[in-house]
Structure formats: C-alpha cells, structure tokens
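# Architecture and fold: a report
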Amino acid sequence: MNWRELPLLGQGLLAEGDDWQVHLVRPGEPLFTAILHGRQAVSGGPVTDDVDRHSTHYALTQGGTLQVWFRVTRAHQGSLDCEDAYPPDLIRAFRPVLASTSRLGRQPGPGRNHLVTLAMRCGWAHQLSQGAEVDLINARATLAPLYTRLQYPPLPGWSFTHPRTGALHDVRALAPACDIRGSWGDVFADVPVTRAAPHRARLAAAGRLVGAW
C-alpha cells in the first residue's frame, strides 16, 4: 500500500494498491459528482448539504469506477452531520481531536464489504496523521453488524430518527489504540492505550437511560 501525505480538505490520490485507489475529493470535481449519484442511489433526501464544504471526502475506485465513498468532518472545522443528536458534552470535550464519519456508501452488489473496510482503514490512517483521536458517528441500526465488526460500540440511549433517511440511527464512537486488533491492527499500532483511555472513559460515561432527555 503506497501513501501520500495530503492535508485535511485536500484533494488527489491518497493511497493505492494493486487494483484500487483511494482519493481525496472536493466538491465540484467529477469524482464528487459520482459520489452524489451514489448517494442518490442508496439513500433518500438531499444528496448534498452544508457539511460537505468543510469535510474531507474519501472515494475508493477500482478500474476508475467509484466503489465506496464517505466523508469525515472535523469538529474544529465546522458542524457535524446530525450534531444535535450527539451528547453535547462530548462535542465540547473532544472538539480539537474529534472526527465524525458520515455518508458512508458503496455500490450495490455482493463482495464489496472488504472494500468498505479498506476505504475506512485509509481514512483512519489519514485522520490519525491529522490529529484525530475519536470518531463519533451516527449509523443506521440496520448497519449495526458492520460497525460492530469495525469495533464502533454504541452509546447506550443515544438513538434517533434521522431527518434525512427517516430510519433509526445509533450514535457510536471509536477511540482507537494499539489494543484494537482485526482490521485495524496495523493502522492503530502506534497509538498508545494511555492516549485513548481517557476518551474511552468519557464515552462510556455518556450513555443515558433510553427515553431520558
């Protein structure tokens, strides 16, 4: 896997393997137009929003064809997708190091889940190099198996009906460190547990009783 150093909100080739490439994409590029078409095909509601302007967009292609896409928004650069549905104390506490992945999608069809994992590995490696330490997301409840496999635990009691999709979404978070194995082992190998431990403690304390306000 070959990497290039690119800034947040940058554009260009980020990483590549034998038969795939991961690009950073900005609104207005042809590949971003392909992302919008992909969004339209897999979810309802508007295909773009204000968050797109201050987010980093990742696109995995094979043979020049878009396969997987998502964006990562840094809290210190602007509002997050559905930020009002997240625990506000976590936004305040984590803002300098907080990332939020959203708008994850892939082309339909079997045999592409490994590409999702590959794309997210590239995204996390890039975000780590740019100071991210926590990823706070909202995920469709139907995608719980995927995010559980990626080791994003839910925050108990923080579920909501997404205004764009109309589906139930869970709020989940990951504070990575070298003790997380599986798909992430090499990506997080240099992140000490001592750095992640305070973040994990805050996340664990952020649950609430279901239905409480």
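Notes on the structure follow. (Residues numbered from 1 in each chain as written. Predicted model: local features only at pLDDT ≥ 70, side-chain atom pairs only at ≥ 80, totals over all residues. Heavy atoms only, no water.)

### Considering the packing of aromatic side chains
Using the criterion set out here, one finds four aromatic pairs in the structure. Ring centres of Trp124 and Phe188 lie 5.5 Å apart, and the angle between their planes is 85 degrees; on these two criteria the pair is classed as edge-to-face. Of this pair, Trp124 sits in helix α3 (residues 113-129) while Phe188 sits in the loop between β9 (168-174) and α5 (193-204), and the two are 64 residues apart along the sequence. Note on Trp184 and Phe188: the rings are 5.1 Å apart at their centroids and 20 degrees apart in plane angle, and the pair reads as stacked. (Phe/Tyr/Trp six-rings, centres within 6.5 Å; stacked < 30°, edge-to-face > 60°. Helix = DSSP H or I, 4+ residues; strand = E, 2+ residues; numbered from the N terminus.)

### Considering empty space enclosed by the protein
Taken as a whole and judged by the stated rule, the model has one cavity of 30 Å³ or more. Taken as a whole, the largest cavity spans an internal volume of roughly 70 Å³. Lining the largest cavity are Phe70, Val72, Ala99, Thr101, Met120, Gly123, Trp124, Gln127, Asp135 and Tyr152. At the level of secondary structure, the elements contributing two or more residues to the lining of the largest cavity comprise β5 (65-74), β6 (98-106) and α3. (1 Å grid on protein atoms, 1.4 Å probe; cavity = no way out; pocket = protein on both sides within 12 Å on 5 of 7 lines; lining within 4 Å. Points joined across faces, edges and corners; volume = space filled by probe spheres on them.)

### A closer look at helix α1 (residues 30-42)
For an α-helix, 3.6 residues make a turn, and residues three or four places apart therefore share a direction. Its 13 residues give α1 an end-to-end C-alpha distance of 19 Å, which sits within 8% of 18 Å, the value for a rise of 1.5 Å per residue. Taken together, the buried positions of α1 are Phe32, Ile35, Gly38 and Arg39. The arc that holds the buried residues of α1, viewed along the axis, is 110 degrees, so those residues lie on one side. With respect to the buried face of α1, the exposed residues turned more than 90 degrees away are Pro30, His37 and Ala41. The elements touched by buried residues of α1 are β3 (21-25), β4 (55-62), β5 and β6. (Expected span 1.5 Å × (residues − 1). Buried < 20%, exposed > 50% of the residue type's maximum accessible area, 1.4 Å probe, protein only. Arc of directions from axis to C-beta. Contact = heavy atoms within 4.5 Å.)

### A short note on the sheet that holds β9
Sheet strands pair by backbone hydrogen bonding; their relative direction is either parallel or antiparallel. Here we have nine strands laid out as an open sheet, ordered β1-β2-β3-β4-β5-β6-β7-β9-β8, and mixed in their pairing. Edge positions in the open sheet fall to β1 (2-3) and β8 (154-161), since each of these has one partner strand only. (Pairing = 2+ DSSP bridges.)

### Quick look at the pattern of salt bridges
By the definition in use, this model includes 11 salt bridges. Asp50 is the salt-bridge partner of Arg53, the closest N and O atoms lying 3.3 Å from each other. Across this residue pair, the class does not change: Arg53 and Asp50 are exposed. Where salt bridges share partners, they join Arg39, Asp49, Asp52, Arg71, Asp81, Arg103 and Arg164 into one cluster. (Salt bridge = Lys/Arg side-chain N within 4 Å of Asp/Glu carboxyl O.)

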